[in-house]
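Examining the three-dimensional arrangement
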Amino acid sequence: MEKIIEETKQGESLTLQHKQENTKKLYIESYGCAMNFSDSEIVASILSENGFNTTTILEEADLVLVNTCSIRDKAEQTIRKRLQKYNAVKRDVNPKMKVGVLGCMAERLKDKFLEEEKIVDLVVGPDAYKDLPNLLQEVEEGRDAINVILSKDETYGDIAPVRLMTNGVSALVSITRGCDNMCTFCVVPFTRGRERSREPQSIIKEIQDLSDAGYKEITLLGQNVDSYLWYGGGLKKDFDKATDMQKATAVDFDQLLEMVAVGFPKMRIRFSTSNPQDMHLSVLQVIAKHDNICNHIHLPVQSGSDRILKEMNRLHTRSEYMQLIDNIRKTIPDCGITQDMIAGFPTETEEDHQDTLSLMEYVKYDFGYMYAYSERPGTLAGRKMEDDVPETTKLRRLQEIVDLQRQHSAFRTKQFVGKTVEVLIEKESKKSDQDWSGRNSQSITVVFPKENYKVGEFVNVKITHCTSGTLIGEAIGYSEMNLK
């Protein structure tokens, strides 16, 4: 059967520049959202200070860590299959190898993981990575180790991430952790805790370090970046208890975005992910004001039905979402807009599904991430709602959503044919070693002949033709960004 669910990320093993004095070897894989990949860079940094270099060879690792996702059951089953692989290597090749589980799945299952997966030696939640050296010591002493306590203040702002699987061009910079939006289908608030923001100067310093190292693009990252609010530390929900001075000097997301854009005019800036009820006109105005902020907004909606949005506790209506889309189109006319969509949420009717399709017709998203509903234990939907939409119906509705999105993606890419777009060269094309691949401001992949251009350069590319997901053209010279 053709795969119709587009995954946000595939698992990847990560590499790290070696310290000569380190003697132990770490193999780490990450699954799920971009935040997990960012967290793996933090983990690698912590362990590099504790005697570990990373390796791409599983069989030689002293420590194997898998950074997990719990957003859908399929993601968890993928992790369990990987653990079977580790078990075979440990049994047949490297009996001294230790195995640890990090991330959301670790936080969700906690000590049950040690019971269910006998190969696992340690279980570490997203807020406990600084405790890894102590936990590894417990493992060395023959004990299972676990730390899955959620923090109210940990942001890892004092950790300089080690850049893993990097092209030396683009990097992730986390600005918030946790989420206060209790969507009934989502496990994230239970695995990553309450929302808190990172101190702005530590963000600026990290970007400066990236700029000094030659990086050309950063993505400001969080479960909900538009909720960024720094007032001296603490949870966002406690802001009303802050002092008058803290409130007067607080920094919100549009201010942070402005600081970064002004402070780093030679870098291209992206951000993800946004939540509709928290995105304000002021953010759109900052994007429109600065050429180095990409014209792309990932704006998950999940459903086009007001009734289902209420069941999901999405805190916005269909009309409010459409008004936001109108504001984006008015303020940033060429903005690329992308979506997350769930098919077959509990009680979803055919009318609800048609509402989703009609919303997609209204927006005509550039691309999207589309899934069939997967019940997650511990969520309100998992506890209170019957998963009553038949699997065949879910998959049929999902296929209809995917098919419509393909039409809209083709519509959007065709609009670029004959136009010139600015592209940051990121890597060699997957299909030809004679072509470069990069993205334009709207985050659409652009492929063009290499000629004498190099990775990390900004070039203008005239688009000659396209597919539904890729723009194809010829470079006509360096862009202004390359000349700054």
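Below, the structure is looked at part by part. (Residues numbered from 1 in each chain as written. Predicted model: local features only at pLDDT ≥ 70, side-chain atom pairs only at ≥ 80, totals over all residues. Heavy atoms only, no water.)

Observations concerning helix H1 (residues 34–48)
One turn of an α-helix holds 3.6 residues; hence residues three or four places apart share an orientation. Between the first and last C-alpha of H1 there are 21 Å, a value that for 15 residues agrees with the 21 Å anticipated at 1.5 Å per step. Within H1, 14 of the 15 residues are buried, which leaves the element mostly enclosed by the surrounding structure. (Helix = DSSP H or I, 4+ residues; strand = E, 2+ residues; numbered from the N terminus. Expected span 1.5 Å × (residues − 1). Buried < 20%, exposed > 50% of the residue type's maximum accessible area, 1.4 Å probe, protein only.)

Brief notes about the nonpolar core
Of all hydrophobic cores here, the largest spans 53 residues; its most connected members are Leu220, Leu257 and Phe271. With residues near it in sequence (within four places) discarded, phenylalanine 271 still touches Thr219, Leu220, Val225, Phe253, Leu257, Met279, Val283, Ile287 and Ile297. (Core = buried A, V, L, I, M, F, W, Y, C linked by side-chain atoms within 4.5 Å. Contact = heavy atoms within 4.5 Å.)

Considering the environment of arginine 177
Relative to the helices and strands, arginine 177 resides in strand S9 (residues 176–177). Overall, arginine 177 belongs to the buried group, its relative accessible area being 3%. A sequence separation of 19 residues divides arginine 177 from arginine 196, and the C-alpha atoms of the two residues are 5.7 Å apart. Leaving out residues up to four positions away in the same chain, arginine 177 has contacts with Met35, Asp39, Pro126, Asp127, Glu154, Thr155, Tyr156, Arg192, Arg194, Glu195, Arg196 and Gln223.

So, the packing of aromatic side chains
Per the counting criterion, the structure on display carries seven aromatic pairs. Seen from their ring centres, phenylalanine 185 and phenylalanine 345 are 6.5 Å apart, and the 85 degrees between their planes marks the pair as edge-to-face. Separated by 160 residues along the polypeptide, phenylalanine 185 in the loop between S9 and helix H6 (188–192) and phenylalanine 345 in the loop between strand S16 (336–343) and helix H13 (350–363) bring together distant segments of the chain. Both residues of the pair, phenylalanine 185 and phenylalanine 345, belong to the buried class. Relative to phenylalanine 271, the ring of phenylalanine 253 has its centre 5.3 Å away and its plane inclined at 70 degrees; by these criteria the two rings are edge-to-face. Of this pair, phenylalanine 253 sits in helix H9 (residues 253–263) while phenylalanine 271 is found in strand S14 (residues 268–272), placing the two residues 18 residues apart along the sequence. Across the pair, phenylalanine 271 and phenylalanine 253 agree in class, each one buried. Taken together, the ring pairs connect Phe185, Phe345 and Tyr373 into an aromatic cluster. A cation over an aromatic ring shows up here: arginine 72 above the ring of tyrosine 371, its NZ or CZ 3.9 Å from the ring centre. Positioned above the aromatic ring of tryptophan 436, the side-chain terminus of lysine 450 is 4.6 Å from the ring centre. (Phe/Tyr/Trp six-rings, centres within 6.5 Å; stacked < 30°, edge-to-face > 60°. Lys NZ or Arg CZ within 6 Å of the ring centre and 35° of its normal.)

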